[in-house]
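Spelled out, the chains give:
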Amino acid sequence: MNYFPDEVIEHVFDFVTSHKDRNSISLVCKSWFKIERYSRQNVFIGNCYAINPERLLRRFPCFKSLTLKGKPHFADFNLVPHGWGGFVQPWIEALARSRVGLEELRLKRMVVTDESLELLSRSFVNFKSLVLVSCEGFSTDGLASIASNCRHLQDLDLQENEIDDHRGQWLSCFPETYTSLVTLNFACLEGETNLVALERLVARSPNLRSLKLNRAVPLDALARLMACAPQIVDLGVGSYEDEQDSESCLKLQAAIRKCTSLRSLSGFLEAAPHCLSAFHPVCHNLTSLNLSYAAEIHGSHLIKLIEHCKKLQRLWILDSIGDKGLEVVASTCKELQELRVFPTDLQGGGNTAVTEDGLVAISAGCPKLHSILYFCQQMTNAALITVAKNCPNFIRFRLCILEPHKPDHVTSQPLDEGFGAIVQACKNLKRLSVSGLLTDQVFLYIGMYATELEMLSIAFAGDTDKGMLYVLNGCKKMRKLEIRDSPFGDAALLADVNKYETMRSLWMSSCEVTLGGCKRLARKAPWLNVEIINENDNNRMEENGYEGRQKVDKLYLYRTVVGTRVDAPPFVWIH
Amino acid sequence: MEKGGLGLEITELRLGLPGTEKMMKKRGFTEMIMTSSGSNSDQCESGVVSSGGDVEKVNESPVAKSQVVGWPPVCSYRWKNSCKEVSTTKVGLGYVKVSMDGVPYLRKMDLGSSQGYDDLAFALDKLFSFHGIGVALKDGDNCEYVTIYEDKDGDWMLAGDVPWGMFIESCKRLRIMKRSDATGFGLQPRGADE
């Protein structure tokens, strides 16, 4: 099998970068397994409890980049109680003890402490890149450690984390000699920012490509920052209100004109709508625009901005854009690949401005569209069928009709046929979220047609266990299944336990699954961790009472090669 | 300007315009998400409009959709930011944003610190260092600019028509607009709500 020396094979492997492909390579033969494991640079661990640090280091002793994900996806919607788990500390401790030359750490939905960040900053001389997404547990003191100690840091990217802002001087902890910054994103920090330190940092960072500011950076500071960094590619504007003078706005306009490399724009948390015109000169080059936090901008200002953005590939927007606004997007943004429309009125006041018409318009106007997340008040089967015809290339299709169980608003029928059309037409669909009134029928369609589906989110849908069974039996590539408030129970859960070894995880909350059913599953499948999350009924859910017929509120199960985790809090029972 | 001479009922602090049965459909967030997750205690109570003391919560029945934990599936970071936006454009007393046509920046002013329309006129003059705004408020047809405001329902109204108390209750933001632009703007005509 091997006609070449190992070095040559390793060199060939260098061109194989996707995790899936590298995993496949390592299964070919023992020799390739060995070569691959010593040469793998980037390790991706989708569930931090599927493996442990020791096993990681034994298999891959030479990696430079580690990606770890902790809590399940529904944690984003507060369905996972505080303290559940996902602690990064043991990982950093183990890596620090080893000889791994860690350069990049990417964490999602994990608990990170200041202690972890301090240890990280001191343990890896060549550490270059820290990306934290939806994490919690740390403060700006931890950031200060990173700034002080990581001499070769290039990226500090904080996305949507809960950070305790001590309003300290973390920005001034970057030494004066430090000039290697490429990415700085602190948009999620709540507190004040040391503007002087920030300006000096930006001024001495010639390689800075991505800068995302927080609310506390006002307009005049923005103008000065952009003047220092005309090479910027990705900009997150902070607070866009100006209380001082119009001179700042003119300076900003002048600075923006010089930013000819600008491709991505976001922020505008508190925005003066008519100041957007300052950005019109760079709009024609923008490929990514995120205005989904800019609740103040809507109507004509928004449309005027978008009309200039002919090269847009990614657009995140609020539903205040309205169907008419989406029609403008459809006729202007012919390169659009990804669209997300978020709800403005989270209180259910019924003022949402996008309907099925907006979705249809986008599908008709944007031939390259492959990913969509769409929150709306109403939908029809007819619209979804049209969308499916217009856009058979969807990879990700997430539709959220705000009112649970809402039927087709014209025919009052369930939306089975509409979603059925989507899965039948979109042969490459990898991710799907369904909503509205749905019977078991929609799951029959999903099981039948969604052959490439890897992630499915179900809420308030289905009639019987058959629904869940259609999905488990049909979707061979399913990796993550998350279900809430749907009438699926033990029969579906237990029908094929081996299926779960082919999946990363299953989440079921407010369904019909019982304690007895979970225990039976755990006995049949020792390679699974079957977690029952029980925050409200600490005492009531007795293990030995009621013959296990009690309903389980939250079930989270996942395959693992390292058995029961030892860091579970008391309200999590693992079988 | 109509000040006084009106029965107390007209200036009663209520949700919705006088003479209408409109009720705000907003709900309280108290049953929402941030329960024993303990992640944060400053819950999003902004579904409730506080009008100088009395907190009115309208809890309509349909399957208490906003009382379902974790629904709609919007990540908690986004919830918090959306609530922040609601609280900065607080309806009623407090800061409102003021924009003026042709001026590329916004101002914020505290309506609660003005005693009436005269005061407001003076404050606006100072804010934009432009005389004539005050004139616009008082002497409608003689001025190049008109002062309009956006009310709780998102409608734009001419400032000065309703009693001061009602005005500061419902004003969400102010805009000083060129008279010539105002005609095509879709302002609610005077007396529409009488």
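Source: prediction; values computed, not measured.

Scanning chain A from N- to C-terminus turns up 20 helices and 23 strands. Expressed as lengths along the three principal axes of its C-alpha atoms, the size of chain A is roughly 75 × 65 × 60 Å. Of all 575 residues assigned to chain A, the portion counted as buried reaches 58%. Expressed as a percentage of contacts within chain A between residues at least 6 apart in sequence, the contacts between residues at least 24 apart total 72%. Working note: accessible area of chain A is about 22,700 Å², and carbon and sulfur atoms make up 51% of it.

The buried count for strand S2 (residues 65-69) of chain A comes to four of five residues, which makes it a mostly enclosed element. At this point the chain moves from strand S1 (residues 42-45) of chain A, through helix H4 (residues 53-59) of chain A, to the parallel S2 of chain A, and the crossover so formed is right-handed.

Another aspect to go through is the UniProt feature "domain: F-box" (unreviewed entry) in chain A. Mapped onto this numbering, the UniProt entry gives "domain: F-box" (unreviewed entry) at residues 4-45 of chain A. The annotated region residues 4-45 of chain A carries 60% helix and 10% strand content, and the separation between its end C-alpha atoms amounts to 31 Å.

Another point: the packing of aromatic side chains. By the definition in use, this model includes 22 aromatic pairs over all chains. An angle of 50 degrees between the planes, with centres 5.8 Å apart, marks the rings of Phe74 of chain A and Phe77 of chain A as tilted. Neither residue differs from the other here; Phe74 of chain A and Phe77 of chain A are each classed as buried. An aromatic cluster of at least three residues, connected via ring pairs, comprises Tyr49, Phe74, Phe77, Trp84, Trp507, Tyr556 and Tyr558 of chain A. In this structure, Arg565 of chain A packs its charged tip against the face of Tyr49 of chain A, placed 4.5 Å from the ring centre. Note that Arg78 of chain B overlies the ring of Phe342 of chain A, its terminal NZ or CZ placed 3.5 Å from the centroid.

Counting buried positions along helix H14 (residues 356-365) of chain A gives seven out of ten residues, so the element sits mostly inside the fold. Looking at the buried positions of H14 of chain A, the neighbouring elements they touch are helix H13 (322-332), strand S14 (338-342), strand S15 (371-376), helix H15 (381-390) and strand S16 (396-401) of chain A.

In this section: the sheet that holds strand S4 (residues 107-110) of chain B. All names here are of chain B. Sheet architecture is open: five strands sit in the order S4-S3-S7-S5-S6, paired in mixed fashion. Each end of this open sheet is capped by a strand with a single partner; those strands are S4 and strand S6 (156-158). Recorded for the sheet is a direction-independent mean angle of 30 degrees between the axes of neighbouring strands. Judged from the three bridges that link them, strand S5 (residues 145-150) and S6 form a sheet pairing that is antiparallel.

All names here are of chain A. Structurally, the position occupied by Arg109 is in the loop between strand S3 (104-108) and helix H6 (114-123). When the C-alpha positions of Arg109 and Pro367 are compared, they lie 34 Å apart, and in sequence the two are 258 residues distant. When near neighbours in sequence (up to four residues on either side) are disregarded, Arg109 contacts Gly70, Lys71, Pro72, His73, Ala75, Asp76, Val133, Ser134 and Cys135. Among the polar contacts listed, one links the side chain of Arg109 to the side chain of Asp76, at a separation of 2.8 Å.

Okay, the environment of Trp84 of chain A next. Residue and element names in this part refer to chain A. Within the secondary structure layout, Trp84 lies in the loop between S2 and helix H5 (89-97). You can call Trp84 buried: its relative accessible area is 1%. Not counting residues within four places of it along the chain, the set of residues in contact with Trp84 comprises Tyr49, Gly70, Lys71, Pro72, Glu531, Ile533, Tyr556, Arg565, Pro569, Phe571 and Val572.

Take the pattern of salt bridges next. Working definition: two side chains of opposite charge can pair if their charged atoms are close together. Residues and elements named next belong to chain A. Applying the stated criterion across every chain, the model contains 23 salt bridges over all chains. Across the pair Arg484 and Asp485 runs a salt bridge whose closest N-O atoms are separated by 2.8 Å. Here Asp485 falls in the partly exposed class, since its relative accessible area comes to 23%. Via salt bridges that share partners, Arg22, Glu36, Arg40 and Arg59 belong to a single interconnected network.

A cluster of nonpolar side chains, contributed by Tyr3, Phe4, Val8 and Val12 of chain A, occupies part of the molecular surface with about 470 Å² of accessible area. Within the secondary structure, Tyr3 of chain A sits in the segment before helix H1 (6-13).

Now for unusual backbone geometry. The step from Trp71 of chain B to Pro72 of chain B runs through a cis peptide bond, and the omega angle for that step is -5 degrees. By the secondary structure assignment, Pro72 of chain B is in the loop between strand S2 (54-56) and helix H1 (76-88). The phi dihedral of Asn78 of chain A falls on the positive side, at around 65 degrees, and the residue is not glycine. Structurally, the position occupied by Asn78 of chain A is in the loop between S2 and H5. A residue is classified by how much of its surface remains accessible, and Asn78 of chain A, at 9% relative accessible area, is buried. Residue Ser412 of chain A is not a glycine yet carries a positive backbone phi of 60 degrees. On the secondary structure map, Ser412 of chain A appears in the loop between S16 and helix H16 (416-425).

Tracing the backbone through its elements, the reader meets Ser134 of chain A in the loop between strand S4 (129-133) and strand S5 (136-139). If sequence neighbours within four positions are ignored, Ser134 of chain A has contacts with Asp76, Arg109, Met110, Gln159, Glu160 and Asn161 of chain A.

Next up on the list: the nonpolar core. Ranked by size, the top nonpolar core spans 182 residues in total, and within it Phe397 and Ile446 of chain A carry the most contacts. Looking at this core element by element, the count peaks at six residues for helix H9 (residues 219-228) of chain A.

A few words on the confidence of the model for chain B. Note: predicted coordinates in regions of low pLDDT should not be interpreted at a detailed level. Residue and element names in this part refer to chain B. Averaged over chain B, the pLDDT score is 61; the fraction of residues at 70 or greater is 43%. Element-level pLDDT for chain B is lowest in strand S1 (residues 49-51), with a mean of 33, against a maximum mean of 85 in S6. Note on residues 1-10: pLDDT under 50 across the span, and twelve contacts to partners over four residues away in sequence or across chains. Contacts of residues 87-93 to residues separated by more than four positions or lying in other chains number 13 contacts, the stretch itself having pLDDT below 50. For this predicted complex, the interface score ipTM comes out at 0.88, alongside a pTM of 0.79.

The next subject is helix H12 (residues 300-307) of chain A. Side chains three or four residues apart in an α-helix point the same way, a direct result of the helix having 3.6 residues per turn. All names here are of chain A. Where H12 is concerned, the buried positions are Leu302, Leu305 and Ile306. The buried residues of H12 occupy one face: seen down the axis, they fall within an arc of 95 degrees. Buried residues belonging to H12 abut helix H11 (280-283), strand S12 (288-290), strand S13 (314-318) and H13.

Reading the values: rules and limits
- Residues numbered from 1 in each chain as written.
- Chains lettered and ligands numbered in written order.
- Predicted model: local features only at pLDDT ≥ 70, side-chain atom pairs only at ≥ 80, totals over all residues.
- Heavy atoms only, no water.
- Helix = DSSP H or I, 4+ residues; strand = E, 2+ residues; numbered from the N terminus.
- Buried < 20%, exposed > 50% of the residue type's maximum accessible area, 1.4 Å probe, protein only.
- Contact = heavy atoms within 4.5 Å.
- Areas by Shrake-Rupley, 256 points an atom, 1.4 Å probe, with all protein chains shown as cover.
- Right-handed = clockwise from strand over helix to strand, strands pointing away.
- UniProt positions renumbered as here; feature names shortened; annotations may be inferred.
- Phe/Tyr/Trp six-rings, centres within 6.5 Å; stacked < 30°, edge-to-face > 60°.
- Lys NZ or Arg CZ within 6 Å of the ring centre and 35° of its normal.
- Pairing = 2+ DSSP bridges.
- Axes fitted to C-alpha atoms, helices over the stretch in contact; angles between N-to-C directions.
- Polar contact = N/O pair within 3.5 Å; in protein donor to acceptor, adjacent residues only side chain to side chain.
- Salt bridge = Lys/Arg side-chain N within 4 Å of Asp/Glu carboxyl O.
- Patch = residues over 30% accessible without salt bridge, like charges linked within 9 Å, V, L, I, M, F, W, Y side chains within 5 Å.
- Core = buried A, V, L, I, M, F, W, Y, C linked by side-chain atoms within 4.5 Å.
- pLDDT = per-residue confidence, 0-100.
- Arc of directions from axis to C-beta.

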